[in-house]
Amino acid sequence: MLTAGAAMLVAFSQPANKTTITTSIKDSVIYGKLPADSGFEKTIKGKQTHLFVLKNKNGMEAAITNYGGRLVSLLVPDRAGKMIDVVVGCGSIDGYIKAGSSYYGATIGRYGNRIAKGHFTLDGKDYSMFLSNRPNSLHGGKEGFDRKVWDAKKIDNQTLELTYVSKDMEEGYPGTLSVKVVYKLTNNNAVKISYQATTDKTTVVNLTNHSYFNLNGEGNGTILNHTVQIDADNYTPVDGTLIPTGKIEPVKGTPFDFTTATTIGAHINDANEQIKKGGGYDHNFVLNKHGFTTPVATVKGDKTGIVMKVYTEEPGLQFYSGNFMGGANTMKYGDRDGHRTAFAMETQHFPDSPNQPQFPTTTLKPGQTYRTQTMYKFEK
Ligand code: BGC
């Protein structure tokens, strides 16, 4: 008989049958600790990692690890009622460590996206950070929130609360930042992520989630035939290092026009200067509206019919089409993370805002509370 941990290992190490992914995380491993050999139990700098599973009343399951606050898998019903894992992730903490610079499923901070040349001034003082994506700093520096072991508290079967205290000058950022991220798997088939942060000195904050999705299921080819609609008439063009030029330009007449549903592959290889700079889509869209009344983006998997609607209170959305994925990592069902086999929809403030005062501010002062919510809702 398999132990709970062994069941988990089997679930995450067998290559999936390409058309019938039926993998499910056994009830028995849900709320307890997994055995040490499960791949998700590891001690890092004296702190313990685990895998937590949330379940809603429709049988949807979200697995989250407190290593980097990462969404590991998300089982969503397709048109036929089959459960499809739409989040591309690793099968162990070691897998995530190896794939570090891809930020699979991670909570990103203290500053999501790029800061030009890893430098900004705040209240007249200069701050420098590690150039994690030369010549810029990307996703929090050398050891961002994606590589921290968060404190985790299961609130109920559908809610996980993660907390982390980032010390003053950690990764070069001023102020002790106390962060709370709550994942909730709702009964209307959404993963809702609520972020909260306070600081004791003026600082900058831009938190996001870096889940890579494939709505046909992890390991089921590229995302080029997925359709995407983004409610953005404008985007922020970038320089050759993916830093916004500072201009806000219309998407109309460009490959960035997703105002009506278009396949990701339709213009991804166009002879367009911005497409070339990103190696595909790796750009911030200026959302027409934000809030939870209408989705800012809608994506549909061509093989499963699974639809993901993105809601956010953030002003921007980084649409990343997995251009830097190159097959270097083996993912949880044994498939390689090949070129463009997943996409990310990172809700956020605009890249490089600390250096671009015309963009919505990312400054957080003592006494203020940073609060923002994003929701990935699934329909079929
Ligand atoms: C960035 C990409 C980067 C990817 C993985 C995205 O948020 O925009 O340029 O390659 O994260 O690090």
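Residues numbered from 1 in each chain as written. Predicted model: local features only at pLDDT ≥ 70, side-chain atom pairs only at ≥ 80, totals over all residues. Heavy atoms only, no water.

Caption draft 1: Fine view of the pairing of strand β24 (residues 282-286). Counting buried residues in β24 gives five out of five residues, a clear majority hidden from the surface. Of the two faces of β24, the one lined by D282, N284 and V286 and the one lined by H283 and F285 are each fully buried. Note: strand β21 (residues 234-236) against β24, three bridges, orientation antiparallel. Looking across to β24, one finds that T236 is bridged to N284. Across five bridges, the pairing between β24 and strand β27 (residues 316-320) is antiparallel. Looking at β27, one finds that V286 is bridged to G316. (Buried < 20%, exposed > 50% of the residue type's maximum accessible area, 1.4 Å probe, protein only. Helix = DSSP H or I, 4+ residues; strand = E, 2+ residues; numbered from the N terminus. Pairing = 2+ DSSP bridges.)

Caption draft 2: Looking closely at the packing of aromatic side chains. Considering all chains together, one arrives at 22 aromatic pairs under this definition. A ring pair is formed by F120 and Y127, whose centres lie 5.7 Å apart and whose planes are at 35 degrees; its orientation type is tilted. Here Y127 falls in the buried class, since its relative accessible area comes to 12%. An angle of 20 degrees between the planes, with centres 5.2 Å apart, marks the rings of Y281 and F319 as stacked. Taken together, the residues span a long stretch of sequence, with Y281 in the loop between α3 (273-278) and β24 and F319 in strand β27 at a distance of 38 residues. Among the aromatic residues, ring-to-ring pairing joins Y235, F256, F258, Y281, F285 and F319 into one connected group. (Phe/Tyr/Trp six-rings, centres within 6.5 Å; stacked < 30°, edge-to-face > 60°.)

Caption draft 3: Spatial organisation of the sheet that holds strand β3 (residues 51-55). If you trace the four strands from one edge of the open sheet to the other, you get β3-β4-β5-β6, paired in antiparallel fashion. If you trace the sheet from one side to the other, it starts and ends with β3 and β6 (83-85), each paired once. Between one strand axis and the next, the sheet turns through 20 degrees on average, direction left out of account. Where strand β4 (residues 61-65) lies against strand β5 (residues 70-77), five bridges are found, and the strand directions are antiparallel. Within β5, the position partnered with A62 by the bridge is L74. (Axes fitted to C-alpha atoms, helices over the stretch in contact; angles between N-to-C directions.)

Caption draft 4: Region of the structure containing the sheet that holds strand β13 (residues 151-156). If you walk across this open sheet you meet the nine strands as β13-β14-β15-β16-β30-β26-β25-β20-β23, and the pairing is antiparallel. Bordering the open sheet on either side are β13 and β23 (262-263), each of which pairs with just one other strand. Alignment of strand β20 (residues 227-230) against strand β25 (residues 297-300), held across four bridges, turns out to be antiparallel. Counted as the bridge partner of V228 is V299 from β25.

Caption draft 5: Region of interest: the site of the ligand. Around the ligand, the structure places 13 residues, and the nearest of them are R114, H210, D282, F324 and E346. In the model, an oxygen atom of the ligand is placed 3.2 Å from a nitrogen or oxygen of the S101 main chain. One nitrogen or oxygen atom from the side chain of H139 is found 2.9 Å from an oxygen atom belonging to the ligand. Protein contact buries 96% of the 300 Å² of open area that the ligand shows by itself. Classifying every residue of the shell around the ligand gives six nonpolar, four polar and three charged. (Near = heavy atom within 4 Å. Polar contact = N/O pair within 3.5 Å; in protein donor to acceptor, adjacent residues only side chain to side chain. Areas by Shrake-Rupley, 256 points an atom, 1.4 Å probe, with all protein chains shown as cover. Nonpolar A, V, L, I, M, F, W, Y, C, P; charged D, E, K, R; others polar.)

Caption draft 6: Highlighting the environment of T259. Relative to the assigned elements, T259 resides in the loop between β22 (249-250) and β23. For the pair T259 and Q229, spaced 30 residues apart in sequence, the C-alpha separation works out to 5.7 Å. In contact with T259, not counting residues within four places along its chain, are Q229, I230, A232, D233 and V251. (Contact = heavy atoms within 4.5 Å.)

Caption draft 7: Spotlight on the pairing of β13. Across five bridges, the pairing between β13 and strand β14 (residues 159-166) is antiparallel. Counted as the bridge partner of A152 is L162 from β14. Taking the residues that link successive antiparallel strands as the turn, the β13-β14 hairpin has two residues.

Caption draft 8: Layout of the pattern of salt bridges. Counted under the stated rule, the structure contains 14 salt bridges. Of the charged contacts, one joins K55 and E61 as a salt bridge, the two residues approaching to 3.8 Å between their closest N and O atoms. Look at K55 and you get partly exposed, because its relative accessible area is 23%. A salt bridge links K377 to E379; the nearest nitrogen and oxygen atoms lie 3.0 Å apart. (Salt bridge = Lys/Arg side-chain N within 4 Å of Asp/Glu carboxyl O.)

Caption draft 9: Inspection of the confidence of the model for the protein at higher detail. Chain-level statistics for the protein give a pLDDT mean of 91 and a share of 90% at 70 or above. In this model residues 1-34 is a low-confidence stretch, pLDDT under 50, and it forms 67 contacts with partners more than four residues away in sequence or in other chains. (pLDDT = per-residue confidence, 0-100.)

Caption draft 10: Representation of the nonpolar core in the model. Within the largest apolar cluster, 57 residues are counted, with the highest numbers of intra-cluster contacts made by L74, V86, I230, F319, F343, M345 and F378. Top contributing element to this core by residue count: strand β15 (residues 177-185), with five residues. With residues near it in sequence (within four places) discarded, I230 still touches F258, T259, F285, L287, V296, A297, L317, F319 and M345. (Core = buried A, V, L, I, M, F, W, Y, C linked by side-chain atoms within 4.5 Å.)

Caption draft 11: The arrangement of unusual backbone geometry in detail. Look at the link from G109 to R110: it is a cis peptide, with omega at 0 degrees. Among the structural elements, R110 can be located in the loop between β8 (106-108) and β9 (114-115). One non-glycine residue with positive phi stands out, namely H139, at about 55 degrees. Counting through the fold element by element, H139 comes out in the loop between β12 (137-138) and β13.

Caption draft 12: Representation of the side chain of H226 in the model. Among the secondary structure elements, H226 is positioned in the loop between β19 (212-213) and β20. Owing to a relative accessible area of 0%, H226 belongs among the buried residues under this scheme. A polar atom in the side chain of H226 sits 2.9 Å from the backbone nitrogen of L215. Leave out the neighbours within four places in its chain, and H226 touches N214, L215, N216, T262, T263, I264, V299, K300, G301, D302 and F343.

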